[in-house]
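So the chains spell out like this:
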Amino acid sequence: PPSPSPSERGQCEVRVEITCVDEDGTNCKDFRTPEKQCTSTDEISFKYTGEDCDQSFNSQDDRCEDIGSLSESASIECVDSNSNPLSDRSVVVDERVTVPLGNTAATDLITCNIFNSDNILVQKLTIDTTKLSLTDKFGSLQLESCDEQSCRVPITYTYEIRNAGDTPMDITLVTRTRGTSTNNLIGLVDKRNLVPGESTEVEENDEFDICVDVDEKTDVRAEADPPQPGDACFNDESYRFTIMAPPTSPPTDPPSPSPSDAPSEPPTVREQCEVKVDITCEDENGRNCNDFSTEKQCTSTDEIDFEYTAEDCNQSFNSQDSQDDECRDFGSGPSRNAKIECLDSDSNVLFARTVDVGDRVTIPRRNAPATDLITCNIDSVGNAVQQTLIIDTGMLSLKDT
């Protein structure tokens with residue numbers, strides 16, 4: 001018979017640590033907006049915005065002419081003052097176009113023609129490249145970099161998940177929330193079974209515009225289960241960095257003076273607008289989510305469900321008595337597509353079907369003594385034995401593998 005469970009259970013404790021750095025290893029919290037005045041213009045890059053000339057905002061006397069309607073996609077051709085081509089590229093909104101200047105006199109003044117998807121000229125720009133500042137806007141083009149000065153910074157988030165307890169654990173959930181978006185990252189966790197002191201990492205790559213105000217907060221939650229039935233553990237961690245960009249230089253033309261009309265009447269006092277939101281959460285039986293229990297010990301096993309994972313015996317994680325013949329791998333172990341046959345102790349077939357990874361294996365037990373111990377054989381589609389399992393259905397807990 002299976003050996004009894006130990007009287008004392010280890011403490012499940014998971015910890016998350018978040019780091020954020022750029023390609024040079026600079027912490028995101030140390031980012032500063034670069035000097036916006038371009039001191040060198042050997043090469044410049046613009047972002048296509050799809051905006052018309054009314055959206056131009058720069059400190060030079062640029063020339064912008066709208067000829068037609070701009071679209072999400074465009075072809076951009078830029079030439080120097082001698083009509084030599086500098087760049088010719090098709091882009092969509094938010095994509096970049098790079099213009100090599102070479103610090104020659106002929107590129108002090110460049111002309112960029114914007115064509116729509118039907119190759120019709122819709123906008124024409126003339127830009128003085130000796131008077132550029134980062135974030136200058138010329139119609140549908142916004143300056144993003146000049147040589148080493150750039151607003152776009154590639155960054156890497158690293159989430160380290162560590163077993164800080166004194167018992168092995170199985171990482172079951174990792175979520176990342178940024179702004180209004182929440183993503184489940186469990187699929188990026190290569191190693192989910194952690195012994196005490198062991199850790200695993202998840203990485204995400206992103207890119208930020210550091211020439212504008214940034215207030216970036218990242219929340220990460222990790223959840224884990226101990227090997228024996230008990231309370232799951234979790235940890236929430238946050239990382240936040242802010243950038244206060246200096247004000248953008250306005251156009252050189254001063255604003256028109258205010259009209260000399262007498263000031264308008266002071267506004268009348270308005271009633272206060274107030275709105276409240278109540279949130280409820282319940283399951284399909286009307287039970288409040290705050291009343292959910294994490295009890296995982298199976299008290300009734302009339303029918304049991306397994307998920308096919310195609311993992312080998314080394315990934316077993318349960319509280320049953322471990323013996324050499326409980327899980328045995330043959331060859332390279334289970335494949336993504338396999339034939340599964342489960343039998344009771346009287347060799348009656350309980351389940352027989354071909355499955356893929358993620359499919360459910362439902363076994364009707366009906367609380368019969370013959371199903372207290374079941375045997376499952378995992379074969380390849382070509383009937384080669386890949387794994388055999390012996391499972392005590394009287395000692396099951398949810399998430400056992």
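Computed from a predicted structure; not experimentally measured.

**Quick notes on the sheet that holds strand E3 (residues 63-66)**
No. 1: In spatial order, the strands read E3-E8-E7-E4-E5; together these five strands make up an open sheet with antiparallel pairing. The open sheet has two edge strands with one neighbour each: E3 and strand E5 (85-92). For this sheet the average axis-to-axis angle between neighbouring strands, irrespective of direction, equals 15 degrees.
No. 2: As paired strands, E3 and strand E8 (residues 121-128) are joined by four bridges and run antiparallel to one another. In the strand pairing of E8, aspartate 66 is matched with glutamine 123.

**Digging into the sheet that holds strand E22 (residues 349-356)**
No. 1: As summarised here, the arrangement of the five strands in space is E20-E25-E24-E21-E22, forming an open sheet in which the pairing is antiparallel. Every interior strand has two partners, whereas the edge strands, strand E20 (327-329) and E22, have only one. Neighbouring strand axes in the sheet, compared pairwise and without regard to direction, differ in orientation by 15 degrees on average.
No. 2: Summarising the sheet, strand E21 (residues 337-343) and strand E24 (residues 373-380) pair through six bridges and their orientation is antiparallel. Bridge assignment links glutamate 341 to a residue of E24, and that residue is asparagine 377.

**With respect to the nonpolar core**
Here is a general trend for soluble globular proteins: nonpolar side chains tend to be buried in one another's company.
No. 1: Grouped together as the largest cluster of nonpolar side chains are 30 residues, with contacts concentrated most on Tyr157, Ile171 and Phe241.
No. 2: Those elements that provide at least two residues to this core are strand E1 (14-22), strand E12 (152-163), strand E13 (169-178), strand E16 (199-209), strand E17 (214-225) and strand E18 (233-243).
No. 3: In terms of residues, this core owes the most to one element, E12, which gives five residues.
No. 4: When neighbours within four sequence positions are excluded, phenylalanine 241 is seen to be in contact with Cys20, Cys28, Lys29, Phe31, Tyr157, Phe208, Val214, Asp215 and Glu216.
No. 5: Leu101, Ile110, Val122 and Leu132 belong to the second largest nonpolar core, which has 26 residues in total.

**Description of the pairing of E24**
No. 1: Here seven bridges tie E24 to strand E25 (residues 385-392), and the two strands are oriented antiparallel to one another. In the sheet register, isoleucine 378 faces E25, and the bridge partner there is glutamine 387.

**Points about the confidence of the model for the chain**
No. 1: Considering every residue of the chain, the mean pLDDT works out to 82; 85% of them sit at 70 or more.
No. 2: In this model, residues 249-263 is a region of pLDDT below 50 whose contacts with residues beyond four sequence positions or in other chains number nine contacts.

The rules behind the values
Residues numbered from 1 in each chain as written. Predicted model: local features only at pLDDT ≥ 70, side-chain atom pairs only at ≥ 80, totals over all residues. Heavy atoms only, no water. Pairing = 2+ DSSP bridges. Helix = DSSP H or I, 4+ residues; strand = E, 2+ residues; numbered from the N terminus. Axes fitted to C-alpha atoms, helices over the stretch in contact; angles between N-to-C directions. Core = buried A, V, L, I, M, F, W, Y, C linked by side-chain atoms within 4.5 Å. Buried < 20%, exposed > 50% of the residue type's maximum accessible area, 1.4 Å probe, protein only. Contact = heavy atoms within 4.5 Å. pLDDT = per-residue confidence, 0-100.

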